[in-house]
Each structure stands twice: as C-alpha cells, then as structure tokens.
Amino acid sequence: MAKPIFVLNGPNLNLLGTREPEIYGKDTLDDIKAKCEAKAKALGLAIDFRQSNHEGELVAWIQEARTGASGLIVNAGAFTHTSIAMLDALLACQVPSVEVHLSNIFTREPFRHHSYISKAVKGVICGFGAAGYELAIEALAGLIKNKRPS
Ligand code: CA2
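Residues numbered from 1 in each chain as written. Predicted model: local features only at pLDDT ≥ 70, side-chain atom pairs only at ≥ 80, totals over all residues. Heavy atoms only, no water.

Draft legend 1. Representation of the packing of aromatic side chains. A complete count under the given rule lists 1 aromatic pair for this structure. Here F49 and Y133 contribute two aromatic rings whose centre-to-centre distance is 6.4 Å and whose plane-to-plane angle is 35°, an arrangement assigned as tilted. You can see F49 sitting in strand β2 (residues 47–51) and its partner Y133 sitting in helix α5 (residues 131–147), a full 84 residues away along the chain. The residue whose ring lies beneath R50 is F6, and the NZ or CZ to ring-centre distance is 4.5 Å. (Phe/Tyr/Trp six-rings, centres within 6.5 Å; stacked < 30°, edge-to-face > 60°. Helix = DSSP H or I, 4+ residues; strand = E, 2+ residues; numbered from the N terminus. Lys NZ or Arg CZ within 6 Å of the ring centre and 35° of its normal.)

Dropping the structure here:
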C-alpha cells in the first residue's frame, strides 16, 4: 500500500467557516478535507488530514512524515511566520512538500509576508482558497509519480 500524503493544518484552522469568510472562504476544515480526499482518490492517492493548535504536535507529525508519508502539504497558519522549529523539521524531512495558504499572504499585513517554512518546501500556493489544497495534491502527484520505480 502506497504511503499517504500528509495534509497538516496549524492553529485556528479548525475555526474555518465560522468567521472571516471574506479572507478564508466559506468552507469548513471538514469541507476542505472532503475536497482533498476526492482529489487524491481521483489521482489514485491517499491522504492523512490533520489539524493541531500545538507547534510541537505539528513538528512531531512532520518528523513522522519522514518515513510515513509520500508527500506533505502544510498550512502552518500563524506558525508560518514564527516557527523555526517547523522549518528545521521540514529541512530534515526528505519527502516532497508544498506550503499552502488560503489567503494571499502578500496582500495582507506586513508580518504575514515572511514565511519561515518556505525555504524548506518544493513550492508555495497561496490566495486560491480551498482550491489551493487541491492544486497542491496535483503538484505532489506529479512529483511522487516521477519518484516511483518504473
Ligand atoms: O491564509 C492562510 O491559510 C493562513 O495560513 C491562515 C492563518 C494565518 O495566520 C496565516 O497568516 C495565513 C490563520 C488561520 C486562522 O483562520 C481562522 C479562520 C476563521 C476564524 C478564525 C481563524
């Protein structure tokens, strides 16, 4: 059985759909999970979708991905702009990874313009709402397929 793509979500993303829909869209995190599962299934992949408000738990999951995942999608929430610990975990994690943000962080407050984790990922998708997660799965599908022995 192929390893799943881990989809890791950071702090407060469990509140999606409850407020600020003009920034983050109307989808709840469960809606996004369902969209990811459908996209992965269509591409013959599996996902393991998780959310935590705790930096250490996110770091532990990135470490788990080293051996347990074929790819990694990370929306680190506000930890994007603060977490050297997540950067270090991602640098040590050899699996292909994509950073996703629902909003376009570059059109928002200056403190959101810098991401600590971008240095460690293959690419960044931001500003496309929930569709960004589906785009990230498509991107990873190509990278994972190219790695499979033929
Ligand atoms: O745009 C993104 O996906 C973010 O990663 C979301 C984070 C934010 O800190 C980043 O700068 C960009 C915040 C997620 C919190 O989402 C909420 C949604 C509804 C209600 C409260 C928080």
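Draft legend 2. Seen up close, the site of the ligand. In the neighbourhood of the ligand, 16 residues make up the surrounding shell, with N75, H81, L102, S103 and R112 lying closest. In this structure, N75 approaches the ligand through a side-chain N or O atom, which is 2.8 Å from an oxygen atom. Between the ligand and A78, the relevant distance is 3.4 Å, taken from an oxygen atom to a main-chain nitrogen or oxygen of the residue. With the chains in place, 96% of the 520 Å² that the ligand exposes on its own is no longer accessible. Across the shell around the ligand, the residue classes tally to 7 nonpolar, 7 polar and 2 charged. (Near = heavy atom within 4 Å. Polar contact = N/O pair within 3.5 Å; in protein donor to acceptor, adjacent residues only side chain to side chain. Areas by Shrake-Rupley, 256 points an atom, 1.4 Å probe, with all protein chains shown as cover. Nonpolar A, V, L, I, M, F, W, Y, C, P; charged D, E, K, R; others polar.)

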